[in-house]
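Coordinate analysis (summary)
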Amino acid sequence: QKACDVCKVSWGGGETPALAGVVEAGRIDLAASSVGIIPSRDRLTLGDKMQDGDAIVLLASSGIHANGVSLARKLVERLPEGYATKISDGRCYGEAVLDPTTLYVPVTEALFAAGIVPHYSANITGHGWRKIMRHPGNFTYRIHTLPDVPPVLAFMQEHAGIDDREAYGSLNMGAGFAFYVAKEQAEEVARISNSLGVKAWVAGRVEAGAKQVVIEPLNLTYAADELHLRA
């Protein structure tokens, strides 16, 4: 309910599993769909305006969000105190993994109100920072500034024994959303987001070239063929 209030939406509730006899020919499954009204086509962010030289503005996450939950649960089996294990901020691990996901809708609405229409946007979820290159075009996404890693994610990386490539390729590692905007609008986008309590920073740029994400501070590169659904 709180999430719906923040995002100013209503939720019908429920989900129909794709099971034999439940979803049949001629029927429509509305799970994971949404319905809304777009006041103006000028507000559509479809990615057609993405171009070389655009800036990448990243918005901070609050912690684990909705990805890496299987790892979070599996990790408990290795911890002598389980969910009661303390992490670096003094809280219990079990408490930290329940931190509510940051909602970015208010930032999007504020940008439109300010006359800023992002060229593209992407949520950083199940494929971690590889999601930064989800736009269908061939661009290089060069990241020069990283966020602080939330304590719960740093704890998970350490105790799961995964390196930066796996961590940033699977978890949000401190950034939950990305806006791709005209270079001259980047600082204003970050300012608006910060004014709403969602930390944001100009993190990189879009370049013409091979489709890849280059995280310069970590010397990591994710190629196009690494963005795929894993079994």
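Structure shown above.
Here goes a summary of the coordinates provided. Residue positions are counted from 1 within each chain, in the order its sequence is given. Since the coordinates come from a predicted model, pLDDT governs what is reported: local features require at least 70, and pairs of side-chain atoms require 80 or more to be given and counted, while whole-chain, interface and lining totals use all residues. The side-chain values count all of the structure's non-hydrogen atoms but skip hydrogen atoms and water molecules.

With mixed pairing, the seven strands of this open sheet are ordered in space as 2-4-1-5-3-6-7. The outermost strands of the open sheet, each flanked by one partner alone, are strand 2 (120-123) and strand 7 (220-223). Ignoring strand direction, the axes of neighbouring strands in this sheet form an average angle of 20°. The pairing of strand 1 (residues 55-60) with strand 5 (residues 200-208) spans five bridges and is antiparallel. Following the sheet pairing, Leu58 is matched in strand 5 by Trp201. Pairs of residues are marked as contacts when any of their non-hydrogen atoms sit within 4.5 Å. Note on method: axes are straight lines fitted to C-alpha atoms, helices fitted across the in-contact stretch only, with angles between N-to-C directions ranging 0 to 180 degrees. Note on conventions: DSSP H or I runs of at least 4 residues are helices, E runs of at least 2 residues are strands, and numbering of each starts at the N terminus. Sheet strands touched by helix 7 (residues 186-195): strand 1, strand 4 (175-181) and strand 5. Its angle to strand 5, the strand with the most contacts, is close to 150°. Strands pair, by our definition, only if DSSP identifies at least two bridges between them.

This part takes up the state of the cysteines. Any cysteine sulfur atom paired with another within 2.5 Å is treated as part of a disulfide. In total, this model carries zero disulfides according to the counting rule given. Between Cys4, a free cysteine, and Cys7, which holds the nearest cysteine sulfur, the sulfur-to-sulfur gap is 7.4 Å. Relative accessible area decides the class of each residue, using a 1.4 Å probe on protein chains only: under 20% of the type maximum gives buried, over 50% gives exposed, and in between gives partly exposed. Among the residues examined, Cys4 registers a relative accessible area of 18% and is labelled buried. Note on Cys7: relative accessible area 15%, which makes it buried.

What follows is about the pattern of salt bridges. One side chain can pair with another of opposite charge once the charged atoms of both are near each other. When a carboxyl oxygen of Asp or Glu lies within 4 Å of a side-chain nitrogen of Lys or Arg, that pair is called a salt bridge. The full count for this structure, using the stated rule, is eight salt bridges. When the shortest N-O distance is used, the salt bridge between Glu207 and Arg142 registers 3.0 Å. A residue pair is termed long-range when its members are at least 10 positions apart, and Glu207 in strand 5 and Arg142 in strand 3 (residues 139-143) qualify at 65 residues. Look at Glu207 and you get buried, because its relative accessible area is 17%.

Mapped onto the elements, Asn219 comes out in the loop between strand 6 (212-215) and strand 7. For Asn219, a relative accessible area of 72% gives the class exposed. In sequence terms Asn219 and Asp164 are 55 residues apart; their C-alpha atoms lie 9.8 Å from each other.

Among the structural elements, Ile124 can be located in the loop between strand 2 and strand 3. Overall, the relative accessible area of 2% leaves Ile124 in the buried class. Between the alpha carbons of Ile124 and Gly176 there is a distance of 4.9 Å; along the sequence they are 52 residues apart. Sequence-distant contacts of Ile124, defined by excluding residues within four places in its chain, comprise Leu58, Asn67, Trp129, Lys131, Ile132, Asn172, Ala175, Gly176 and Phe177.

Moving on to helix 5 (residues 151-160). Where helix 5 is concerned, the buried positions are Val152, Leu153, Phe155, Met156, Gln157 and Ala160. The secondary structure elements touched by the buried residues of helix 5 are helix 2 (69-76), helix 3 (93-96) and helix 6 (164-168). One or two positions beyond helix 5, positive phi appears at Gly161, with a value near 70°.

This paragraph deals with the nonpolar core. Counting 41 residues, the largest nonpolar core has Leu58, Tyr93, Trp129, Tyr141 and Tyr180 as the members making the most contacts within it. The biggest single contributor to this core is helix 5, with five residues. With residues near it in sequence (within four places) discarded, Tyr180 still touches Met50, Ala55, Ile56, Pro118, His119, Tyr120, Ser121, Ala122, Lys131, Ile132, Tyr141 and Val206. In these notes, a set of buried Ala, Val, Leu, Ile, Met, Phe, Trp, Tyr and Cys residues joined through side-chain atoms within 4.5 Å is what counts as a nonpolar core.

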